[in-house]
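# Architecture at a glance
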Amino acid sequence: MDIPVVVQHRHVHLSQEDTRVLFGGNALESIRAIDQRDQFVSKSQVSVHGPRGSFPELSVLGPVRARTQVELSASDAFALGVDAPLRLSGDLDRSATVILKTDLGEIQAKMSTIIPIRHVHLPPSVAETLGLAHHDVVSVSLKDREGTVFDQVVVRVHPTFTPAFHLTKDEAAPRWVQTGDFVTLLFSRNVEL
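Residues numbered from 1 in each chain as written. Predicted model: local features only at pLDDT ≥ 70, side-chain atom pairs only at ≥ 80, totals over all residues. Heavy atoms only, no water.

## Things to note about helix α1 (residues 16-23)
Note: α-helices contain 3.6 residues per turn, so residues at a spacing of three or four share the same orientation. Of all the residues in α1, the buried ones are Asp-18, Thr-19, Leu-22 and Phe-23. Looking straight down α1, one finds that the buried residues subtend no more than 105 degrees of arc, so they occupy a single side. For α1, the elements touching its buried residues are β2 (11-15), β4 (40-49), β5 (54-65), β8 (96-101) and β9 (106-116). The positive-phi residue at the C-terminal boundary of α1 is Gly-24, with phi of around 65 degrees. (Buried < 20%, exposed > 50% of the residue type's maximum accessible area, 1.4 Å probe, protein only. Helix = DSSP H or I, 4+ residues; strand = E, 2+ residues; numbered from the N terminus. Arc of directions from axis to C-beta. Contact = heavy atoms within 4.5 Å.)

## With respect to unusual backbone geometry
Along the chain, Gly-62 connects to Pro-63 via a cis peptide bond; the corresponding omega equals 0 degrees. Assignment of secondary structure puts Pro-63 in strand β5. The backbone phi angle of Glu-57 is positive, close to 55 degrees, even though this residue is not glycine. When you line up the elements, Glu-57 lands in strand β5. On the accessibility criterion, Glu-57 (59% relative accessible area) is exposed. Not every positive phi belongs to a glycine, and Arg-94 is a case in point at roughly 60 degrees. Arg-94 sits in the exposed class, given a relative accessible area of 66%.

## Things to note about the pairing of β5
On a regular strand, one side chain projects to one face of the sheet and the next to the other, so that they alternate. In terms of strand pairing, β2 meets β5 through 4 bridges, oriented parallel. Each bridged residue has a counterpart across the sheet, and for His-13 the counterpart in β5 is Leu-61. Pairing of β4 with β5, which is carried by 6 bridges, proceeds in the antiparallel orientation. Note on β5: the bridge partner recorded for Val-41 is Leu-61. Between β4 and β5, which pair antiparallel one after the other, the connecting turn spans 4 residues. (Pairing = 2+ DSSP bridges.)

## Quick look at the packing of aromatic side chains
What describes a pair of aromatic rings is the distance from one ring centre to the other and the angle between the planes of the rings. Scanning all chains against the criterion turns up 1 aromatic pair. Note that Arg-52 overlies the ring of Phe-78, its terminal NZ or CZ placed 4.6 Å from the centroid. Sitting over the face of the ring of Phe-150, Arg-175 holds its NZ or CZ atom 4.3 Å from the ring centroid. (Phe/Tyr/Trp six-rings, centres within 6.5 Å; stacked < 30°, edge-to-face > 60°. Lys NZ or Arg CZ within 6 Å of the ring centre and 35° of its normal.)

## Description of the environment of Ala-127
With respect to the helices and strands, the residue Ala-127 is situated in helix α3 (residues 124-130). Under the relative-accessibility criterion, Ala-127 is labelled buried at 2%. Placed 31 residues apart in sequence, Ala-127 and His-158 show a C-alpha to C-alpha distance of 9.4 Å.

## A few points about the pattern of salt bridges
Counted under the stated rule, the structure contains 8 salt bridges. A salt bridge links Glu-171 to Arg-118; the shortest N-O distance between them is 2.7 Å. A residue pair is termed long-range when its members are at least 10 positions apart, and Glu-171 in helix α4 (residues 169-172) and Arg-118 in the loop between β9 and β10 (119-122) qualify at 53 residues. Arg-118 gets classed as partly exposed once you look at its relative accessible area, which sits at 21%. For Asp-181, the salt bridge is made with Arg-145, and the minimal N-O distance between the two is 3.2 Å. Highlighted residues: Asp-181 in the loop between α4 and β14 (182-189) and Arg-145 in the loop between β11 (137-142) and β12 (149-157), separated in sequence by 36 residues. Taking the relative accessible area as the measure of exposure, Arg-145 reaches 28% and is therefore partly exposed. Each of Arg-10, Asp-76, Lys-169 and Asp-170 takes part in a single network of salt bridges with overlapping partners. (Salt bridge = Lys/Arg side-chain N within 4 Å of Asp/Glu carboxyl O.)

Listed below in structure tokens is the structure:
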């Protein structure tokens, strides 16, 4: 099965409360749907600030979540001066803290910032066909480029997911991997995180 690649760039997911502070109560407005059902790139943007640096105009992805989460690459975290751990989305305990700002407000996003582990999104029907379960660990090979393999890829299964392989720009760049490329599953090891 061919699985499309999505190279992730730094972005933010906001809680309802943080959305209110940063955007004055305005709801997040979609400008473009993304590959996972009901998720979108918002018209709203924020700047992120750390001890050593900042990035303007980070995309905010909607809809709102229970907790604010900032996703960076390792080089982004280094540039900001934050010690962001490598984690699965949603695992924010002991994660890094950054400041998020807009013209309307500012928040200290405590324990919000991670480097996302490379992962494959699958809906339950596809995962079952492939013999995979949520949090299994697999390897994938870049289609039409023999020898370009990514190990330690975490499987994420949810009814709203469409098949996609997500990795950070830091992982993609050295191997010339781009959004729109495809990977194939090599093998699975039923290892739970």
